[in-house]
Amino acid sequence: GKALADQLEKWLSEVKESQKKAHVRGIIGPHAGLSYSGPTAAHAYKRVDPKLIKRIFVLGPSHHYYTSRCELTACKTYETPMGTIEIDLDTNAALMKTGKFKKMSLSVDEEEHSIELHLPYIAHIMKGYKFKLVPILVGNLSTSAEKAYGKLLSPFLDDPCNFFVISSDFCHWGSRFRYTWVDKSYGSIWKSIKALDNLGMSIIETLNTQDFTDYLKQYENTICGRHPIGVFLNALENYTGKQIPEMKFVHYSQSSKCYRSSDSSVSYAAGICRFCTKTSSETSEAKSSKTK
């Protein structure tokens, strides 16, 4: 546990903090082995202020088990090398009552790494603060299901004590991932991958759910957390509170640089979602744009 804590702290200390922590309400972060994606994840976690947080939702994609729904843990606690994390049983019960969720089996829960690999960072930054976890396994959702789950989770955005972790890597490129799309105008393959990911990230930053869906249809980019991202974008779209959500990607990396068609790589990105206070002019602009 201590060696892992020291490693996480080292990565966090290497991030030059330029953003205010106060209003970060959610992050998008990678879930590869920590030695690969840990430094990128640090760029998201560094900007989180743990003081307000009481409940953390972690939305992770299902890699090994097929489901077309979202599923919740049946566990009461998660054990991590950094200590025990308590599951929010009351929130789980409330979500189960909607009829939209089911409980995942223990074997599915234990085998899925997309939620698990965020737990060390969560436990580390929340050390000394009391909080509970709501892990949500996000299946292969239809666009309408993403909308439905987003609408269902949206009311939780009203409470600043709720925090969202959206677990996703970006492009998985290479024949072993059955994805070899390339735009030769960029020269090197890795530059083409970066441009493709950058386009996806810039669309996510607009918070436009339809544009993100269209981007995925057009390029079929292998963003493994596309459904958790889709659910979160829909939740933000349904948010009716007094603040303005803003998404910004703060770091991007690749596991290696692809030059030949036989190469492969996975991309990692760190994004933060802040809720900013509306000014009177912004409020009137928002009203006028809605009435156009």
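Residue positions are counted from 1 within each chain, in the order its sequence is given. In view of the model being predicted, local features appear only for residues whose pLDDT reaches at least 70, and side-chain atom pairs are presented and counted only at 80 or more, with totals across whole chains, interfaces and linings using the full set of residues. For side-chain calculations, the full set of non-hydrogen atoms in the structure is used, while hydrogens and water are omitted.

A.B. asks: Can you help me understand the environment of Tyr215 in this one?
C.D. replies: Here a strand is any run of E in DSSP of at least two residues, a helix any run of H or I of at least four, and the numbering for each starts at the N terminus. Along the polypeptide, Tyr215 turns up in helix H9 (residues 209-219). Put simply, Tyr215 and Leu199 are 16 residues apart on the chain and 8.5 Å apart in space, counted from C-alpha to C-alpha. The contact rule is simple, with two residues in contact once any of their heavy atoms fall within 4.5 Å. Among all residues touching Tyr215, those that are not within four sequence positions of it are Leu196, Asp197, Leu199, Gly200, Ile203, Glu220, Asn221 and Ile223. N or O atoms within 3.5 Å of each other form a polar contact, as long as, within protein, one can give a hydrogen and the other can take it, and as long as residues adjacent in sequence are counted only when both atoms are side-chain atoms. A polar side-chain atom of Tyr215 sits 2.7 Å from the main-chain carbonyl oxygen of Leu196.

A.B. asks: I'm lost on the side chain of His124 in this one. Help?
C.D. replies: Locating His124 in the fold gives a position in helix H6 (residues 119-125). Relative accessibility decides the category of a residue: with a 1.4 Å probe and only protein chains considered, values under 20% of the type maximum give buried, values over 50% give exposed, and everything between is partly exposed. Residue class for His124 comes out buried when judged on its relative accessible area of 16%. Those residues in contact with His124, other than ones at most four positions away along the chain, are Ala5, Leu8, Glu9, Leu12 and Met82.

A.B. asks: Would you explain the nonpolar core in this entry?
C.D. replies: Note that soluble globular proteins tend to have their nonpolar side chains buried in a common cluster. Each nonpolar core is a collection of buried residues, namely Ala, Val, Leu, Ile, Met, Phe, Trp, Tyr and Cys, held together in the definition by side-chain atoms within 4.5 Å. In this structure, Leu59, Ile136, Phe170, Ile204, Phe212 and Ile229 are the most contacted members of the largest nonpolar core, which totals 47 residues. Once residues within four sequence positions are removed from consideration, Ile229 is found in contact with Ile28, Ile166, Ser168, Phe170, Ile204, Phe212 and Ile223. Membership of the second largest hydrophobic core comes to 36 residues, among which are Leu12, Val15, Ile56 and Val58.

A.B. asks: Even after reading the chapter, I still don't get helix H8 (residues 189-205), so can you show me in this structure?
C.D. replies: Along an α-helix, residues three or four apart share an orientation, since each turn contains 3.6 residues. Helix span, expected: 1.5 Å multiplied by one less than the number of residues in the helix. Across its 17 residues, H8 extends 24 Å between first and last C-alpha, which sits within 8% of the 24 Å expected from 1.5 Å per residue. Residues of H8 that are buried in the fold lie against strand E1 (24-29), strand E9 (172-173), H9, helix H10 (226-237), strand E10 (243-254) and strand E11 (265-277). Looking one or two places after H8, you find Leu207, whose phi comes out positive at around 65 degrees.

A.B. asks: Honestly, the packing of aromatic side chains in this entry has me stumped. Any pointers?
C.D. replies: When the centres of two rings from Phe, Tyr and Trp lie within 6.5 Å, Trp using its six-membered ring, the rings pair. Their planes under 30 degrees apart give stacked, over 60 give edge-to-face, and anything left gives tilted. This structure, assessed with the given rule, holds 10 aromatic pairs. With a centroid separation of 4.7 Å and 5 degrees between ring planes, the pair formed by Phe57 and Phe164 is classed as stacked. With a gap of 107 residues between them, Phe57 in strand E2 (residues 55-61) and Phe164 in strand E8 (residues 162-167) connect regions that are remote in the sequence. Assigned by exposure class, Phe57 and Phe164 land together as buried. Plain terms: the ring middles of Phe164 and Phe232 are 5.6 Å apart, the flat faces sit at 35 degrees to each other, and that makes the pair tilted. Placement of the pair is Phe164 in strand E8 and Phe232 in helix H10, with a sequence separation of 68 residues. Phe232 matches Phe164 in its accessibility class, with the two residues each being buried. An aromatic cluster is present here, built from Phe57, Phe156, Phe164 and Phe232 joined pairwise through their rings. We note Arg25 situated over the ring of Phe275; from NZ or CZ to the ring centre the distance is 4.7 Å. Two limits define a charge over a ring: the Lys NZ or Arg CZ must be within 6 Å of the ring centre, and within 35 degrees of the ring normal. Across the ring face of Trp190, the terminal group of Lys257 is positioned such that the distance to the ring centre comes to 4.2 Å.

These values are about where atoms sit, not about what they do.
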